[in-house]
Amino acid sequence: MELARIRPFAHKHCRFKLRNGKEVYGVIWEVQTHDSSTAETPEDRLFFASVRDYERLQQMPSGPVNIIDMRPEEIINVESLAS
């Protein structure tokens, strides 16, 4: 799925259908990263966490949470579960 189609679902509780057939529930967000050791341009990366870990990350950024680096092409469908 293109990053532009995923962006409206960022920071919301969603159900994601992945290319491998799995369905996962949680929150996805985008972070612009760049490697300071090279002259590469910044790169937008997606990260995924459960709703509980995402909320914990918002309250205590240095606390222990399980975050997964997610590539946009791994997502084939997304549905918002937020009310």
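To be clear, the structure that these remarks concern was listed above.
What comes next is a walk through the structure. Because the structure is predicted, anything quoted here is derived from the model rather than measured. Along each chain, numbering runs from 1 in the same order as the chain's sequence is written. Owing to the predicted nature of the model, reporting of local features is limited to residues with pLDDT of at least 70; listing and counting of side-chain atom pairs is limited to 80 or more, with chain, interface and lining totals taken over all residues. Hydrogens and water are ignored here; the side-chain numbers use all heavy atoms of the structure.

**Quick look at the pattern of salt bridges**
Turning to step 1, where the next piece is worked out: A side-chain nitrogen of Lys or Arg and a carboxyl oxygen of Asp or Glu constitute a salt bridge if their distance falls within 4 Å. For the structure on display, the rule yields seven salt bridges.
Turning to step 2, where the next piece is worked out: The residue arginine 15 makes a salt bridge to glutamate 79 at a minimum N-O spacing of 2.2 Å. Taken together, the residues arginine 15 in strand E1 (residues 14-18) and glutamate 79 in strand E5 (residues 75-80) connect sequence positions 64 residues apart.
Turning to step 3, where the next piece is worked out: Exposure remark for arginine 15: the relative accessible area of 25% places this residue in the partly exposed category.
Turning to step 4, where the next piece is worked out: Exposure remark for glutamate 79: the relative accessible area of 34% places this residue in the partly exposed category.
Turning to step 5, where the next piece is worked out: Through salt bridges that share partners, Arg7, Glu30 and Asp44 make up one connected network. Under the DSSP-based scheme used, a helix requires at least four consecutive residues in state H or I and a strand at least two consecutive residues in state E, with every element numbered from the N terminus. Classification of residues uses two cut-offs on accessible area relative to the type maximum, computed with a 1.4 Å probe and protein chains only: under 20% is buried, over 50% is exposed, and between them is partly exposed.

**Regarding the pairing of E1**
Turning to step 1, where the next piece is worked out: Side chains Cys14, Phe16 and Leu18 project from E1 onto a buried face, and the interleaved Arg15 and Lys17 project onto a face without burial.
Turning to step 2, where the next piece is worked out: Summarising the sheet, E1 and strand E2 (residues 23-33) pair through four bridges and their orientation is antiparallel. If you follow cysteine 14 over to E2, its bridge partner there is glycine 26.
Turning to step 3, where the next piece is worked out: The antiparallel pairing of E1 with E2 creates a hairpin that spans four residues between the two strands, and glycine 21 there sits at a positive phi of about 95°. Note on pairing: two strands pair once DSSP finds at least 2 bridges between them.

**Some points on the nonpolar core**
Turning to step 1, where the next piece is worked out: If you look at the biggest cluster of nonpolar residues, it comprises 12 residues: Met1, Leu3, Ile6, Cys14, Phe16, Leu18, Ile28, Leu46, Phe48, Met70, Ile75 and Val78.
Turning to step 2, where the next piece is worked out: When residues of this core are traced back to their parent elements, those giving at least two are helix H1 (3-6), E1, strand E3 (43-49) and E5.
Turning to step 3, where the next piece is worked out: The contact criterion used throughout is that any non-hydrogen atoms of two residues lie within 4.5 Å. Each residue touching leucine 46, except ones within four places of it in the same chain, is listed here: Leu3, Ile6, Ile28, Trp29, Glu30, Ile68, Asp69, Met70 and Pro72.
Turning to step 4, where the next piece is worked out: Take the buried residues of types Ala, Val, Leu, Ile, Met, Phe, Trp, Tyr and Cys, join any two whose side-chain atoms come within 4.5 Å, and each joined set is a nonpolar core. Listed in part, the six residues of the second largest apolar core include Trp29, Phe47, Ala49 and Leu57.

**Quick look at unusual backbone geometry**
Turning to step 1, where the next piece is worked out: Despite not being glycine, histidine 11 has its phi angle at roughly 65°, a positive value.
Turning to step 2, where the next piece is worked out: For histidine 11, the position within the fold is in the loop between H1 and E1.
Turning to step 3, where the next piece is worked out: Residue classification places histidine 11 among the partly exposed residues on the basis of a relative accessible area of 48%.

**A few points about the packing of aromatic side chains**
Turning to step 1, where the next piece is worked out: Any pair of Phe, Tyr and Trp rings, taking the six-membered ring for Trp, is counted once the centres come within 6.5 Å. Such a pair is stacked with planes under 30 degrees apart, edge-to-face with planes over 60 apart, and tilted for the rest. For the structure on display, the rule yields three aromatic pairs.
Turning to step 2, where the next piece is worked out: Ring geometry for phenylalanine 16 versus phenylalanine 48: centroids 5.8 Å apart, planes at 90°, classification edge-to-face. Separated by 32 residues along the polypeptide, phenylalanine 16 in strand E1 and phenylalanine 48 in strand E3 bring together distant segments of the chain.
Turning to step 3, where the next piece is worked out: By relative accessible area, which is 1% here, phenylalanine 16 ends up buried.
Turning to step 4, where the next piece is worked out: Judged by relative accessible area, which is 8%, phenylalanine 48 ranks as buried.

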